[in-house]
Amino acid sequence: MDVPEIDAFTRTYWDAAAEGRLLIRRCGECGRAHHYPREFCPHCWSEDVTWEPATGRATLYTWSVVHRNDLPPFGERTPYVAAVVDLAEGPRMMTEVVGGGELRVGMELEVGFREGVPVFRAAADEFTWSH
């Protein structure tokens, strides 16, 4: 399985993802959101951070089509699109774009979940996609 090792701190994130919900962390001190989940704010170092639901909306920042990957389970998925997206809440997130179609920087995306892992696809108003 391609999920990082779950520990006591990240369990909340992965449990939500398994239920089809994307969570981010927000700092109570400076107000900025961040991702990947950390126990402190990477902007001001405050430990006053809490979980909050993300909208699941994002824009495509950059991507690369991976044609070869020898590490399981990725080898059987090639080619796939490794991407970086800007979440609507502000944080940048590494992910995979699924669904096919033409990609362009700045296109609107929405989160979906594959086996408890967040992946993104073109937003319904961008174009029709299929699995």
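These numbers come from a predicted model, not from an experiment.

What counts and how
- Residues numbered from 1 in each chain as written.
- Predicted model: local features only at pLDDT ≥ 70, side-chain atom pairs only at ≥ 80, totals over all residues.
- Heavy atoms only, no water.
- Phe/Tyr/Trp six-rings, centres within 6.5 Å; stacked < 30°, edge-to-face > 60°.
- Buried < 20%, exposed > 50% of the residue type's maximum accessible area, 1.4 Å probe, protein only.
- Lys NZ or Arg CZ within 6 Å of the ring centre and 35° of its normal.
- Salt bridge = Lys/Arg side-chain N within 4 Å of Asp/Glu carboxyl O.
- Helix = DSSP H or I, 4+ residues; strand = E, 2+ residues; numbered from the N terminus.
- Arc of directions from axis to C-beta.
- Contact = heavy atoms within 4.5 Å.
- 1 Å grid on protein atoms, 1.4 Å probe; cavity = no way out; pocket = protein on both sides within 12 Å on 5 of 7 lines; lining within 4 Å.
- Points joined across faces, edges and corners; volume = space filled by probe spheres on them.
- Nonpolar A, V, L, I, M, F, W, Y, C, P; charged D, E, K, R; others polar.

A. Just the packing of aromatic side chains, in detail. Counting across every chain of the model gives 3 aromatic pairs. For the pair Tyr13 and Trp14, a centre-to-centre distance of 4.8 Å together with 85° between the ring planes defines the contact as edge-to-face. Since its relative accessible area comes to 4%, Tyr13 is described here as buried. When its relative accessible area of 13% is taken as the criterion, Trp14 is described as buried. When the ring centre of Trp51 is taken as reference, the NZ or CZ atom of Arg25 above it lies at 4.5 Å. Lying across the ring of Tyr61, Arg92 places its NZ or CZ 3.5 Å from the centre.

B. How the structure looks around the pattern of salt bridges. Throughout the structure, instances matching the rule amount to 7 salt bridges. In this structure, the salt-bridge partner of Glu52 is Arg26, at a minimum N-O distance of 2.9 Å. Of the two residues, Glu52 is situated in strand E3 (residues 49-53) and Arg26 in strand E1 (residues 23-27); the sequence distance between them amounts to 26 residues. Here Arg26 falls in the partly exposed class, since its relative accessible area comes to 24%.

C. Quick peek at helix H1 (residues 11-18). For H1, the full list of buried residues reads Tyr13, Trp14, Ala16 and Ala17. Down the axis of H1, the sector holding all buried residues measures 160°, keeping them to one side. Of the surrounding elements, those touching the buried residues of H1 are E1, E3, strand E6 (92-97), strand E7 (108-114) and strand E8 (117-122). Where H1 ends, the next residue or the one after it, Gly20, has phi of about 85°, a positive value.

D. Representation of the layout of surface pockets within the structure. Its boundaries defined by the atoms lining it, the largest pocket holds a volume of some 620 Å³. What lines the largest pocket is a set of 23 residues, and nearest its centre among them are Pro4, Trp14, Met94, Thr95 and Val117. Those elements that provide at least two residues to the lining of the largest pocket are H1, strand E5 (80-87), E6 and E8. Of all the elements, E6 adds the most residues to the lining of the largest pocket, at 5 residues. When its residues are assigned to classes, the lining of the largest pocket shows 14 nonpolar, 3 polar and 6 charged.

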